[in-house]
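Spelled out, the chains give:
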Amino acid sequence: MMDPHFERAAELVEAAVRNRSIPSAELAIGIKDRLFVRESYGVTSFTPEGRPVNEQTRYDMASMTKIMSTGMIALKLLESGELDLADSIAKYLGDRVPEDKKQITIFHLLTHTSGLPAHILLEDSISDPEDCVSLILSAPLAAACGSTVIYSCTGFILLGKILERILSGRLDQLAEEIVFRPLKMSSTSYHRLNHGRLSDPSLRENTAFTEKDPKTGEWLCGIVHDENARFLEGVSGNAGVFSNINDCIHFARMLACGGEAPTGRYLSQSTLRAAIRNYTPGQDENRGLAFHLANGFQSYSGAFFDQTAFGHTGFTGTHLLVSPQTGLYVILLANRVHPTRDNNAQLRLRRVLHTAAYAALPLQ
């Protein structure tokens, strides 16, 4: 479906696919509970196996996992009082936490201000996924806790493990129970692995390809692209969720409507307001609780989006941006890392797409 007001925004995405800057894209644009654009472009892969994408095509959401799973579970636990922003990680991890990390709190993990390094390649140091918490806790801090924003996948892996301890469950099961099922996201899930192989091979069907696995030389399709999430058998706090455009619309519409879903209120207005507050003003990145906030025309929000906008991006080419002022949301699902992660054309595409979408608002 295509509302003529947003044709220019859609043309930008269509051109990127036509020019083979990206193999495929799913685009959705809406305002609160009204959907104006839902379009499919391209094929799942440049290989002979590629097939035209459609509304059911699943994409590796990469770091969108941080808001669709880990961050959302944390917000729900904050609402219920089972979690507190001031809780030290030592409350949940006990004596394992060394002295230099005892000041790290849930707030620091959610806002990427813990000082933990941005990335640790787990498989370089451990052979058992069960040892990942110990490895993260033993790693030297990259900065003093609370001193600066360091976007840290490491911190969200740790947060995911903490949530599992609090709720005595596996993160994929928790996400299903707390996020996906209540929001009617029936095609969204982690793709659990068994020694690097899909536990359910049918999850390859109608899924966008990413890169080749450097170990096997096989295309990653239905298997998470992120190396650490892959090492953790597909289930991690930083990456691992797969979804399609219809489910992402459910998720975005809830955020654009202030926490209200068609089935009823999912997040309280006060919870969402707290989640999208800027806790890191004056730093290189504006960070809320799990959410990445707009930060000038050079950020992914583009030239015109209001600076209260919030959302997240994924390394594979996925992103979501929501304006709380207007209720406008833009979702783009793409597999820009196919055939290689060296493709950065989508960085500009995000900005111009958002600018074109927001420019169309006065016509409504």
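Bear in mind that the values here come from a model prediction, so they are computed numbers and not experimental data. (Residues numbered from 1 in each chain as written. Predicted model: local features only at pLDDT ≥ 70, side-chain atom pairs only at ≥ 80, totals over all residues. Heavy atoms only, no water.)

1. Some thoughts on the overall build of the protein
Threshold: Counting from the N terminus, the helices are the DSSP runs of H or I reaching at least four residues and the strands are the DSSP runs of E reaching at least two. Both definitions apply: the radius of gyration is a C-alpha atom measure, and the globule rule equals 2.2 Å times residues to the power 0.38. Any residue under 20% of the maximum accessible area for its type is buried, any over 50% is exposed, and the rest in between are partly exposed; the area is computed with a 1.4 Å probe on protein chains only. Accessibility throughout is a Shrake-Rupley quantity obtained with a 1.4 Å probe, and a residue counts as covered only by protein chains that appear here.
The secondary structure content of the protein amounts to 11 helices and 13 strands. In terms of overall size, the protein behaves like a compact globule, its C-alpha atoms giving a radius of gyration of 19 Å where 364 residues would be expected to give roughly 21 Å. C-alpha extents for the protein along the principal axes are approximately 60 × 45 × 35 Å. Evaluated residue by residue, the protein yields a buried proportion of 59% over its 364 residues. As displayed, the protein has an accessible area near 14,400 Å², and 48% of this comes from carbon and sulfur atoms.

2. What to know about the pattern of salt bridges
Just so we agree on the cut-off: A pairing counts as a salt bridge when a side-chain nitrogen of Lys or Arg comes within 4 Å of a carboxyl oxygen of Asp or Glu.
Counting across every chain of the model gives 15 salt bridges. The salt bridge involving Arg8 is made with Glu11; its shortest N-O contact spans 3.4 Å. Of the two residues, Arg8 and Glu11 are both situated in helix α1 (residues 7–18); the distance of 3 residues between them amounts to about one turn of the helix. Residue Glu11 is classed as partly exposed on the basis of its relative accessible area, which comes to 37%. Note that Lys102 and Glu99 form a salt bridge whose closest N and O atoms lie 3.4 Å from each other. Here the salt bridges share partners, and the residues they tie into one network are Glu211, Glu227 and Arg341.

3. A word on the pairing of strand β2 (residues 34–42)
Heads up, the condition is: Paired strands are those between which DSSP finds at least two bridges.
The sheet contact formed by strand β1 (residues 24–31) and β2 spans 8 bridges and is antiparallel. Each residue of the ladder has a partner; that of Ser24, found in β2, is Gly42. Turn length for the β1-β2 hairpin, with the two strands adjacent in sequence and antiparallel, is 2 residues, and the turn residue Lys32 shows positive phi of about 55°.

4. Comments concerning the sheet that holds strand β11 (residues 310–313)
Put simply, the rule reads: Contacts are assigned to residue pairs that have any heavy atoms within 4.5 Å of one another. Each axis is a line fitted through C-alpha atoms, taken for helices only over the stretch in contact, and angles between the N-to-C directions span 0 to 180 degrees.
Within the open sheet, the 6 strands sit side by side as β2-β1-β13-β12-β11-β10. Their pairing is antiparallel. Both outer strands of the open sheet, β2 and β10 (292–293), are each paired with one neighbouring strand and no more. Packed on one face of the sheet, α1 meets β1, β2 and β13 (328–334) and runs near 170° to β1.

5. A word on the packing of aromatic side chains
The description of two aromatic rings rests on the distance between their centres and on the angle between their planes. Which entries qualify depends on this criterion: Classification of ring pairs uses Phe, Tyr and Trp, with its six-membered ring standing for Trp, and accepts pairs whose centres are within 6.5 Å; under 30 degrees between planes counts as stacked, over 60 as edge-to-face, and the remaining range as tilted. In this analysis the charged atom, NZ for Lys or CZ for Arg, is taken to sit over a ring once it is within 6 Å of the ring centre and within 35 degrees of the ring normal.
A complete count under the given rule lists 4 aromatic pairs for this structure. Geometrically, the ring pair formed by Phe6 and Phe36 is tilted, given 5.7 Å between the ring centres and 55° between the ring planes. Of this pair, Phe6 sits in the segment before α1 while Phe36 sits in strand β2; the two residues are 30 residues apart in sequence, bridging distant segments of the chain. Between Phe305 and Tyr358 the ring centres are 4.9 Å apart and the planes differ by 45°, which places this aromatic pair in the tilted class. Of this pair, Phe305 sits in the loop between β10 and β11 while Tyr358 is found in helix α11 (residues 346–359), placing the two residues 53 residues apart along the sequence. Residue placement shows Lys76 over the ring face of Tyr266; its charged tip is 4.3 Å from the ring centre. A cation over an aromatic ring shows up here: Arg336 above the ring of Phe315, its NZ or CZ 4.4 Å from the ring centre.

6. Concerning the nonpolar core
For clarity, the cut-off: Among buried residues, the Ala, Val, Leu, Ile, Met, Phe, Trp, Tyr and Cys ones that are joined through side-chain atoms within 4.5 Å form a nonpolar core.
Judged by nonpolar contacts, the single largest core of 76 residues is most densely connected at Met72, Phe251, Leu255, Phe291 and Ile331. A per-element tally of this core places helix α9 (residues 245–256) first, with 8 residues. Beyond its immediate sequence surroundings of up to four residues, Leu255 is in contact with Met72, Leu272, Phe291, Phe310, Leu320 and Val322. Residues Leu27, Val37, Leu349 and Leu361 belong to the second largest nonpolar core, which totals 31 residues.

7. Some details on unusual backbone geometry
The residue after His338, namely Pro339, is reached through a cis peptide bond having omega 5°. Of note, Lys32 is a non-glycine position whose phi angle comes to about 55°, a positive value. Even without glycine at this site, Glu233 takes up a positive phi of about 65°. On the basis of relative accessible area, Glu233 is assigned to the buried category, the value being 19%.

8. What to know about α9
To keep things clear, this is the line we draw: Multiplying 1.5 Å by the helix residue count minus one yields the expected span of that helix. Polar contact is the term for a pair of N or O atoms within 3.5 Å; when the atoms are in protein, one must be able to donate a hydrogen and the other to accept it, and sequence-neighboring residues count only if both atoms are side-chain atoms.
Its 12 residues give α9 an end-to-end C-alpha distance of 16 Å, which sits within 8% of 16 Å, the value for a rise of 1.5 Å per residue. Of all 12 residues in α9, 11 are buried, a share of seventy percent or more. Every buried residue belonging to α9 is among Ile245, Asn246, Asp247, Cys248, Ile249, Phe251, Ala252, Arg253, Met254, Leu255 and Ala256, and all of these are buried. Capping of α9 at its N-terminal end is provided by Asn244; its side-chain oxygen lies 3.3 Å from the backbone amide nitrogen of Asn246. Residue Gly258 follows α9 closely and has a positive phi angle near 70°.

9. A few points about the environment of His225
Among the secondary structure elements, His225 is positioned in the loop between β6 (197–198) and α8 (227–231). Since its relative accessible area comes to 4%, His225 is described here as buried. Distance from His225 to Phe315, taken between C-alpha atoms, is 9.0 Å for residues 90 residues apart in sequence.

10. Overview of the packing of helix α2 (residues 65–80) against helix α6 (residues 153–167)
Helices that pack against each other are described as a pair by the angle of their axes relative to one another and the distance between those axes. Our working definition: For classification purposes, angles smaller than 35 degrees are called roughly parallel, those larger than 145 roughly antiparallel, those between 65 and 115 roughly perpendicular, and all remaining angles oblique. Put simply, a crossing is left-handed when the front helix is turned counterclockwise from the back one by less than a right angle, and right-handed when it is turned clockwise. Residue polarity follows a fixed list, in which Ala, Val, Leu, Ile, Met, Phe, Trp, Tyr, Cys and Pro are nonpolar, Asp, Glu, Lys and Arg are charged, and the others, Gly among them, are polar.
With their axes 11 Å apart at the nearest point, α2 and α6 run at an angle of 45° to one another. Between α2 and α6, the interaxial angle falls into the category oblique. Crossing of α2 over α6 shows left-handed handedness. Every residue of α6 that contacts α2 at Lys66, Thr70, Gly71, Ile73, Ala74 and Leu77 is listed here: Cys153, Phe156, Leu159, Gly160, Leu163, Ile166 and Leu167. In terms of residue class, the contact of α2 with α6 is built from 9 nonpolar, 3 polar and 1 charged.

11. Brief notes about the sheet that holds strand β4 (residues 189–190)
If you trace the 3 strands from one edge of the open sheet to the other, you get β3-β7-β4, paired in antiparallel fashion. Across the chains shown, the open sheet's two edge strands, defined by having one partner strand only, are β3 (59–60) and β4. The pairing of β3 with strand β7 (residues 241–243) spans 2 bridges and is classified as antiparallel. Counted as the bridge partner of Asp60 is Phe242 from β7.

These figures capture arrangement, not role.
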